[in-house]
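# Structural overview for review
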Amino acid sequence: EVMLTVVVDNEQILVDNTPVSKTPDVMAQDSLRVGSMSELLMEKRKEEQDAAMRRGEDASETGKVIVQIDKNIPYDVMYKVMATCGASGYGNIAFAVMQRIGG
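Before going into details, it helps to say that this report is about the structure given with it.

The rules behind these values
Residues numbered from 1 in each chain as written. Predicted model: local features only at pLDDT ≥ 70, side-chain atom pairs only at ≥ 80, totals over all residues. Heavy atoms only, no water. Helix = DSSP H or I, 4+ residues; strand = E, 2+ residues; numbered from the N terminus. Buried < 20%, exposed > 50% of the residue type's maximum accessible area, 1.4 Å probe, protein only. Contact = heavy atoms within 4.5 Å. Polar contact = N/O pair within 3.5 Å; in protein donor to acceptor, adjacent residues only side chain to side chain. Pairing = 2+ DSSP bridges. Axes fitted to C-alpha atoms, helices over the stretch in contact; angles between N-to-C directions. Patch = residues over 30% accessible without salt bridge, like charges linked within 9 Å, V, L, I, M, F, W, Y side chains within 5 Å. Areas by Shrake-Rupley, 256 points an atom, 1.4 Å probe, with all protein chains shown as cover. Salt bridge = Lys/Arg side-chain N within 4 Å of Asp/Glu carboxyl O.

### Re the environment of V8
Mapped onto the elements, V8 comes out in strand 1 (residues 4-8). Of the residues examined, V8 reaches a relative accessible area of 2% and is grouped as buried. Taking the C-alpha atoms as reference points, V8 and I73, 65 residues apart in sequence, are found 7.8 Å from one another. When near neighbours in sequence (up to four residues on either side) are disregarded, V8 contacts I13, T23, Q68, I69, D70, I73, V77 and V81.

Take a look at the structure:
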């Protein structure tokens, strides 16, 4: 199964390798919703639901996302990313941890 990926590092936030926002901008904002990220996630969610319906599957079973966040990212940014995922229909959030070799 292929899932949508969200990557957050010190510089930017990417949704399926598409830059959607700069991390410092998200850190500075008051809103929990990351606007440009939300727009893209809602588009992707609609595409997933349409594809599931065409296959005769339950569209509510879609909505899974893998979030990869650099360990140095503040909790506030992680919370905003998670809130945006949830509000955009991606309530099933998994975290990916990458281990550096030799580090």
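Having seen the model, we can carry on.
### Description of the environment of K80
Locating K80 in the fold gives a position in helix 3 (residues 75-87). Here the alpha-carbon distance between K80 and F95, two residues 15 residues apart in the chain, equals 15 Å. Among residues more than four places away in sequence, those in contact with K80 are V26, M27, Q29, S31, L32 and V34. In terms of polar contacts, K80 uses its side chain to reach the backbone carbonyl oxygen of V26, at 2.8 Å. Looking at K80, its side chain comes within polar contact range of the main-chain oxygen of Q29, at 2.5 Å.

### Points about the sheet that holds strand 4 (residues 64-69)
With respect to topology, five strands assemble into an open sheet ordered 3-2-1-4-5, the strand pairing being mixed. Among the strands making up the open sheet, the edge pair consists of strand 3 (18-22) and strand 5 (92-95). In this sheet, adjacent strand axes meet at a mean angle of 25° when their direction is disregarded. Strand direction decides the pairing type here: strand 2 (residues 12-15) and strand 3, joined by four bridges, are antiparallel. From the neighbouring strand, V15 faces strand 3, where its bridge partner is T18. Packed on one face of the sheet, helix 2 (residues 35-54) meets strand 1, strand 2 and strand 3 and runs near 150° to strand 3.

### Quick notes on a nonpolar patch on the surface
Side chains of L32, Y75 and Y79 sit close together on the surface and give an oily, nonpolar patch of about 330 Å² of accessible area. Within the element layout of this structure, Y75 appears in helix 3.

### Remarks on the pattern of salt bridges
By the definition in use, this model includes five salt bridges. Among the salt bridges present, the one from D16 reaches K44, with a minimum N-O distance of 3.9 Å. Remark: K44 occurs in helix 2 and D16 occurs in the loop between strand 2 and strand 3; sequence separation between them is 28 residues. Judged by relative accessible area, which is 30%, D16 ranks as partly exposed. R45 serves as the salt-bridge partner of E48, at 4.0 Å between the closest nitrogen and oxygen. Taken together, the residues E48 and R45, both in helix 2 and three residues apart, mark about one turn of the helix. E48 gets classed as partly exposed once you look at its relative accessible area, which sits at 23%. Here R45 falls in the buried class, since its relative accessible area comes to 10%.

Function-wise, these values are silent; they only describe arrangement.
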